[in-house]
Amino acid sequence: MTFLMRACTKFALVALPVLAATGAIAATYPAWGPDTYYAAGTIVFYNGHNYQALVNQTDFSSAGWNPTLNSLWTDLGADHSSTPTPAPVITPVPDATLTPVLTPRPSGAPAVGDFVFSVYKDIALNMDWNTAAISTTVAGTRQPVVNVMPSRLKTLTWAFAVGECGFESWGGPLPNTIANANIQRFLSNGKTYVISTGSTSGAFTCGSDQGFERFIKTYYSSNLLGIDFDLEAGQSQDVINNLVQRVIVAQRTYPRLRFSFSLATLGGSSTLGLSATGVMVLNAIKTYGLSNYTINLMVMDYGAATPANCVIGNNGKCDMGKSANQAAINLHNGYGVPFSQIELTPMIGGNDVQDETFTLADVATMSNFAKQNNLAGVHLWSFDRDSDCAPGPSLATCNTYGQAGTLGFTNKFLNSLGF
């Protein structure tokens, strides 16, 4: 859900068969190769051991790689390829802030099954790299984001963790660093948060329940609302199957956490509005019998303004509010997903696809539909974009809409949804 980087492509809408459950875990990770880009968190196999990349990197050692001389990798230990083994677990440095905080959730925070409104925050954007505090310049100067969030906005979605669960990457800072620097800030300010994984920039994978348990524990507090899986990186059916199976097991320990699957969609007359990835997610949910989940539709970037792709407005362009609502209707009618398990996430202002602009009027259109049909939630991309700038190509730090004011979309949603 690095939405500003999403490519404008027409989805391959293929009805995929429901696959049988396998639950297989690869015995070894891919072999390391020279002159290859590896994202932080990637695991490779080299000379009998598994190694995890500590930062985004390309190793250009064509003559071979000596890991003992390379501080960019960490040795995860010997790979026992004769039998499938769960992903290695790295014990975190003990820290009191990682101990689950079991105090009651703040006043007004949603309970299980309640409607959730949150705003996505690309935590790498404008981060204070000295303190690792999630920060923003949306109000003009860089400040910790909790200082800028409107009082009525209770929930922020932290985006995006990529790599294998348990030793995931946030594009630089280590997981414990992110947790230590921000969880207590959110607790102290009465704010809740969702951890979002994946996006177009990298896949989030999870080959073991132990790894997923470590992942959740790293960010767990009484104010953690849930985990979001953004599936836009071409994940295979096996990777998706693993995520669904991890959720089923995790729900036994964390029954009050929400688990959402964020999927690209069309918003027009095509009942096959999901991409092949979305169909694979629904197949996995059906195969393994997951019942407590939500589907978060990314209602944005529909492509050409055709009736199959979006609802056409009076100006001949995509009506972004009505198209968002139609996407929910298509998921409900075409795939049988209850409205109470559907969420919507628009890209505010100018989208990546030119001539697609989500306006303040679209906020009201979408909010009214969400309330009338008892949707599970509404979110928006993104906090840093919620300030004005002139129309043009989409940007990471303003809305290319120019008519909302600072945090104008967030406040409009809060008003329209009744917060």
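Up top you'll find the structure we're talking about.
All values reported here derive from a predicted model rather than from experimental measurement.

A.B. asks: Sorry, what's going on with the state of the cysteines here?
C.D. replies: Linking two cysteines covalently via their sulfur atoms produces the bond known as a disulfide. In this structure the tally under the stated criterion is three disulfides. Bridging Cys 165 to Cys 206, the disulfide has an S-S length of 2.0 Å. Between Cys 165 and Cys 206, the S-S torsion sits near 85°, and that sign places the bridge as right-handed. Placement of Cys 165 in the loop between strand 10 (163–164) and helix 2 (175–188) and of Cys 206 in the loop between strand 12 (204–205) and helix 3 (209–219) is noted, with a sequence separation of 41 residues between them. In this model, Cys 389 is linked to Cys 398 through a disulfide, with the two sulfur atoms separated by 2.0 Å.

A.B. asks: Would you mind going over the pattern of salt bridges with me for this structure?
C.D. replies: Close approach of charged atoms lets side chains of opposite charge pair. Enumeration over the complete set of coordinates arrives at five salt bridges. A salt bridge links Lys 121 to Asp 384, with the shortest nitrogen-to-oxygen separation between them at 2.9 Å. Of this pair, Lys 121 sits in strand 6 (residues 116–122) while Asp 384 sits in the loop between strand 19 (377–380) and helix 8 (408–417), and the two are 263 residues apart along the sequence. A residue is classified by how much of its surface remains accessible, and Asp 384, at 2% relative accessible area, is buried. Between Asp 209 and Arg 246 there is a salt bridge, with the nearest N and O atoms lying 2.6 Å from each other. One end of the pair, Asp 209, is in helix 3; the other, Arg 246, is in helix 4 (residues 237–253), with 37 residues separating them in the sequence. Looking at Arg 246, the relative accessible area reads 9%, which means it is buried.

A.B. asks: Any chance you could explain the nonpolar core here in plain terms?
C.D. replies: Nonpolar side chains tend to gather and get buried jointly when the protein is soluble and globular. Grouped together as the largest cluster of nonpolar side chains are 86 residues, with contacts concentrated most on Trp 158, Phe 215, Phe 229, Phe 261, Ile 295 and Phe 383. A per-element tally of this core places helix 5 (residues 276–288) first, with seven residues. If near-sequence neighbours (up to four positions away) are discounted, Phe 261 is found in contact with Asp 228, Phe 229, Leu 231, Val 244, Val 247, Val 281, Ile 285, Leu 290, Tyr 293, Thr 294, Ile 295 and Asn 296. In terms of nonpolar packing, the next biggest core, distinct from the first, is built from eight residues, Tyr 120, Ala 264, Met 300 and Met 347 among them.

A.B. asks: Quick question: what am I supposed to make of the side chain of Arg 385 here?
C.D. replies: In this fold, Arg 385 is placed in the loop between strand 19 and helix 8. Put simply, Arg 385 is tucked away with no salt bridge, and the nearest opposite charge, on Asp 352, sits 6.4 Å away. Side-chain polar atoms of Arg 385 contact the backbone oxygen of Gly 350, separated by 3.0 Å. Within polar-contact distance, the side chain of Arg 385 engages the backbone oxygen of Cys 398 at 3.5 Å. Sequence-distant contacts of Arg 385, defined by excluding residues within four places in its chain, comprise Met 347, Ile 348, Gly 350, Ser 394, Leu 395, Ala 396, Thr 397, Cys 398, Asn 399 and Thr 400.

A.B. asks: Just checking my understanding: could you explain helix 6 (residues 320–335) for this structure?
C.D. replies: Every α-helical turn comprises 3.6 residues, leaving residues that sit three or four positions apart pointing alike. With 16 residues, helix 6 should cover 22 Å at 1.5 Å per step; its first-to-last C-alpha distance of 22 Å lies within 8% of that length. Here helix 6 has its buried residues at Met 320, Gly 321, Ser 323, Ala 324, Asn 325, Ala 327, Ala 328, Asn 330 and Leu 331. Here the buried face of helix 6 lies against helix 5, strand 15 (294–299), strand 16 (342–346), strand 18 (357–358) and helix 7 (360–372).

Rules of the game
- Residues numbered from 1 in each chain as written.
- Predicted model: local features only at pLDDT ≥ 70, side-chain atom pairs only at ≥ 80, totals over all residues.
- Heavy atoms only, no water.
- Disulfide = S-S within 2.5 Å.
- Helix = DSSP H or I, 4+ residues; strand = E, 2+ residues; numbered from the N terminus.
- Salt bridge = Lys/Arg side-chain N within 4 Å of Asp/Glu carboxyl O.
- Buried < 20%, exposed > 50% of the residue type's maximum accessible area, 1.4 Å probe, protein only.
- Core = buried A, V, L, I, M, F, W, Y, C linked by side-chain atoms within 4.5 Å.
- Contact = heavy atoms within 4.5 Å.
- Lys, Arg positive; Asp, Glu negative; His and termini not counted.
- Polar contact = N/O pair within 3.5 Å; in protein donor to acceptor, adjacent residues only side chain to side chain.
- Expected span 1.5 Å × (residues − 1).

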